[in-house]
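Structure assessment
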Amino acid sequence: MRKLFKDIARVVSMDEGDVPKRGGDLSKIGLRDGVDILIENGVIREIFPSGRYGASDVDAVFSAEGLTALPGLVDSHTHSVFFGSRVDEFYERTRGKTYLEILESGGGILSTVKSVRNASYNDIEAFSSGLMDSFIENGTTTVEIKSGYGLTEKDEIKMLEVISNLSKKGTVDTVPTFLGAHALPDEYKNKKDAYVDLVAEKMIPQISQNRLAKYCDVFCEKGAFSVSDARKIAESAVGNGLRMKFHSEQFTRSGTTDLAVEFGASSVDHCIEMNEQDIEKLSKTDTVMILLPGSELVLNQNKFAPARKAIEGNCVVALATDFNPGSCPIQSLWLIGSLAVLKMAMSFEEVLNSITVNAAYSAGIQNRAGMLKEGLQADIIFVEAPYLNELFYFVGSNPVKIVVKNGKVIRSVL
Ligand code: NIG
Ligand code: FE
């Protein structure tokens, strides 16, 4: 099956520069005018000067007149399989309660844990499937999703199975991450070591054997898990073939960076409280700093990750939503991009690289997603953006008109 996308105003291929992108390469976006895209069996076959092929050479022709083609966006850090709502705590926080206080009193993450434990596999899948539709509407075609609301062997596996199965529906691709160390479940209160042992010695080997996750993550934070807990988990994860990610330096500085470097982590995420030494150490690695300004906005932190220092220090950076029912009910990477511009002084080119190619790199899928390039999966979005730098200027708007997933048009609002 050969399909031709023609009349495209411009293609932003994101494939200019080395992958992962850092420093000056983050300003390169691979802008091309006057080209068409040929897709064959779900894969990008050719990007070539308009007019080389006509209707008689292909099985179907689509006109994208006046629109800009970009790679389908990659959301590299989410908690988007869950059940229930935490709307009450959303309002409670506006009246002075903090995120960590709510967690310490048994709410927050633990309230979603209750809902997930009480819900059936089918309920969770149906609920999360609706959430995937909103990602597609916003042009996000690949989503990294963490478990972490089950916190028992059975419930974590239930979540990871939902995450894998969401990929089979032909809309978004999912990348599964095991986050057993997300919060200490009630039944392990005052027995944290026993819970860490359960995660490291029982859950990780089983999840890895059944190929239910590609990555393992730990929430390193006061009130959650310490660096020494994280070390035990990382040793088991890496020994069992899972790469590490760390929720790191979100509210307080824990010193997780050294551990991330030691274990060759795929990413460190949040990074608000990182200092210059942390940035310097990361600059010598391929570990991606995934910045999540949406949770800073929702939690009213008034402090954002040191993006400029990270970029100027030559670190690999990506941006993600951190979508979850608590700290960040935001699914739009466009809004995240606007926050990155407004609150972290990132340029629109840096933002585009951070939600496409570098995000794909952080999820280990740079060979199939994140760029428009021959041989990659045909995940393409067509956006309305007469001036490219306006993509993040209309804060809160959604420029996506057509979404193509694996070569198939799965959404069009023309
Ligand atoms: O990245 N900080 C820990 N985990 C998530 C929040 C999850 C939740 O509140 O349900 C985060 O912000
Ligand atoms: Fe998170």
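Before going into details, it helps to say that this report is about the structure given with it. Just so we're clear, the structure is a prediction, and the values are computed from it rather than from any experiment. (Residues numbered from 1 in each chain as written. Chains lettered and ligands numbered in written order. Predicted model: local features only at pLDDT ≥ 70, side-chain atom pairs only at ≥ 80, totals over all residues. Heavy atoms only, no water.)

Quick look at a nonpolar patch on the surface
Residues Val87, Phe90 and Tyr91 make up a contiguous nonpolar surface patch of roughly 270 Å² in combined accessible area. Inspection of the secondary structure assignment puts phenylalanine 90 in helix H1 (residues 87–94). The exposure class of phenylalanine 90 is partly exposed, given its relative accessible area of 35%. (Patch = residues over 30% accessible without salt bridge, like charges linked within 9 Å, V, L, I, M, F, W, Y side chains within 5 Å. Areas by Shrake-Rupley, 256 points an atom, 1.4 Å probe, with all protein chains shown as cover. Salt bridge = Lys/Arg side-chain N within 4 Å of Asp/Glu carboxyl O. Helix = DSSP H or I, 4+ residues; strand = E, 2+ residues; numbered from the N terminus. Buried < 20%, exposed > 50% of the residue type's maximum accessible area, 1.4 Å probe, protein only.)

Some details on the sheet that holds strand S17 (residues 400–405)
Pairing between sheet strands relies on hydrogen bonds along the backbone, with the strands arranged either parallel or antiparallel. Here we have 6 strands laid out as an open sheet, ordered S3-S2-S7-S16-S17-S18, and mixed in their pairing. Here the strands that pair on one side only, and so sit at the sheet edges, are strand S3 (31–33) and strand S18 (408–412). With strand direction ignored, the average angle separating the axes of adjacent strands in the sheet is 20°. Where strand S16 (residues 380–383) and S17 come together, 4 bridges link them in antiparallel fashion. When the bridges of S17 are listed, phenylalanine 382 appears paired with isoleucine 402. (Pairing = 2+ DSSP bridges. Axes fitted to C-alpha atoms, helices over the stretch in contact; angles between N-to-C directions.)

A closer look at the site of ligand 1
Around ligand 1 lies a shell of 15 residues, among which Arg86, Tyr99, Tyr149, Asp322 and Ser327 are the nearest. Tyrosine 149 has a polar side-chain atom sitting 2.6 Å from an oxygen atom of ligand 1. Residue classes in the shell around ligand 1 are distributed as 4 nonpolar, 9 polar and 2 charged. (Near = heavy atom within 4 Å. Polar contact = N/O pair within 3.5 Å; in protein donor to acceptor, adjacent residues only side chain to side chain. Nonpolar A, V, L, I, M, F, W, Y, C, P; charged D, E, K, R; others polar.)

A short note on the packing of helix H6 (residues 192–209) against helix H7 (residues 227–239)
Orientation of H6 relative to H7, taken along the N-to-C sense of each, is 10°, at an axis distance of 9 Å. It follows that H6 is roughly parallel to H7 by the angle criterion. Relative to H7, H6 is oriented so that their crossing is right-handed. Mapping the contact onto sequence places Lys192, Asp193, Val196, Asp197, Val199, Ala200, Ile204 and Pro205 in H6 and Asp229, Lys232, Ile233, Ser236 and Ala237 in H7. Class assignment for the residues of the contact of H6 with H7 results in 7 nonpolar, 1 polar and 5 charged. (Parallel < 35°, antiparallel > 145°, perpendicular 65-115°, else oblique. Left-handed = near helix turned anticlockwise from the far one by under 90°. Contact = heavy atoms within 4.5 Å.)

Honestly, it's all geometry; don't read function into it.
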